[in-house]
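# Structure assessment
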Amino acid sequence: MILEMTVNEKPVRIETHESRRLLDILREDLLLTGTKEGCGVGECGACTVILDDVAVNSCLVPAAQLQGTRVETVEGLEQNGTLSRLQTAFLEKGAIQCGFCTPGMLMSAEALLRRNPHPTEAEIRLALAGNLCRCTGYVPIIEAVLSVANPSVC
Ligand code: FES
Ligand code: FES
């Protein structure tokens, strides 16, 4: 199939197979390697990207579902070389250890903050429930998202 979609606001047109995973298209075809593969079966969240404003596991999305869609990856968060508020908050709160889960965490949190700019801690925990961190860095990650959601409190 000829797949046409937008990735990080840039039009993309590639020939691919309908069953090819979005994760592989991003990493292998478009060389956007910020998106990580952990489990490959939808259980770890390392591969999370935003697809038409919804956080999804890119390891579970086949090319057949991507025609005309808008995909955003962690590479699209910075603007003109400047990290986003959320990325900066992760750095400031020490929310990154090995960093493997970080792109997925950022994209899940970004999707949450867009639909709900001021989530509660419980809402943040729920939104990040599908993202696993092997370094058990959950507390600073939650604090980082909270600091963006409620800057006067943190
Ligand atoms: S690699 Fe996609 S959810 Fe784990
Ligand atoms: S920082 Fe290492 S897996 Fe989360």
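That block above? That's the structure.
Residues numbered from 1 in each chain as written. Chains lettered and ligands numbered in written order. Predicted model: local features only at pLDDT ≥ 70, side-chain atom pairs only at ≥ 80, totals over all residues. Heavy atoms only, no water.

So, about the environment of E121. Along the chain, the position of E121 falls in helix α4 (residues 121-127). Given a relative accessible area of 37%, E121 falls into the partly exposed group. Residues E121 and L83, 38 residues apart in the sequence, show an inter-C-alpha distance of 23 Å. With near-sequence residues (within four places) excluded, E121 lies in contact with I142 and L146. (Helix = DSSP H or I, 4+ residues; strand = E, 2+ residues; numbered from the N terminus. Buried < 20%, exposed > 50% of the residue type's maximum accessible area, 1.4 Å probe, protein only. Contact = heavy atoms within 4.5 Å.)

Bridging between strand β1 (residues 2-7) and strand β2 (residues 10-15) involves six bridges; their strand directions are antiparallel. Among the inter-strand pairings, I2 is bridged to a residue of β2, identified as E15. Between β1 and β2, which follow one another and run antiparallel, lie two residues, and N8 among them has a positive phi close to 50°. (Pairing = 2+ DSSP bridges.)

Functional significance is not addressed by these values, which are geometric in nature.
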